[in-house]
Amino acid sequence: MKRTELRDHIFKMVFEMEFNGAEEMPAQAELYLGQIEDAKEKDLEYIGTKAAKIREKLGEIDKLLNDTSKGWKTTRMNKVDLGILRLAVYEIKWDEDVPAGVAINEAVELAKRYSSDDGPSFINGVLAKLVNP
């Protein structure tokens, strides 16, 4: 699987976190991963591991987002945008394999596919401000 496709699946799992408690997520992750057709074991492991790492950092990620996005706290954000931002912030701050520019670009691309018309510019603005305060 290409990184873009892996990231798409990770985003969907991060999005699910908004609607399921921490105790439900292992079962939800197993269910989701079991439905991905033609995925190699290493891809499934990558997706599941990265989503779990993001879940562990949610408090820190949301604090960074709340400190960065003036007037738009995480509780008020569109849930799709929030999921995309959480994934991108994790990649920017804690995933050394993903350059910040790539994380931002991929987040904007996810927003073009899944968010509202304003989503890509909102996400780009928040992440740019996070990277260049």
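Note that this is a predicted model, so its numbers are computed, not measured.

S.K.: Explain the pattern of salt bridges to me, please; I cannot follow it from the model alone.
M.R.: Opposite charge on two side chains lets them pair, provided their charged atoms get close. Taken as a whole, this structure holds twelve salt bridges when the rule is applied. A salt bridge links glutamate 18 to lysine 79, with the nearest nitrogen and oxygen atoms 3.5 Å apart. On the criterion of sequence distance, the pair formed by glutamate 18 in the loop between α1 (3–17) and α2 (25–34) and lysine 79 in helix α5 (residues 79–94) is long-range, its members being 61 residues apart. According to the relative accessible area criterion, lysine 79 is partly exposed, its value standing at 26%. Between glutamate 60 and lysine 57 there is a salt bridge, with the nearest N and O atoms lying 3.7 Å from each other. Judged by its relative accessible area of 23%, lysine 57 falls in the partly exposed class. A network of salt bridges, in which partner residues are shared, links Arg7, Lys50, Glu91, Asp95 and Glu106.

About the cut-offs
- Residues numbered from 1 in each chain as written.
- Predicted model: local features only at pLDDT ≥ 70, side-chain atom pairs only at ≥ 80, totals over all residues.
- Heavy atoms only, no water.
- Salt bridge = Lys/Arg side-chain N within 4 Å of Asp/Glu carboxyl O.
- Helix = DSSP H or I, 4+ residues; strand = E, 2+ residues; numbered from the N terminus.
- Buried < 20%, exposed > 50% of the residue type's maximum accessible area, 1.4 Å probe, protein only.

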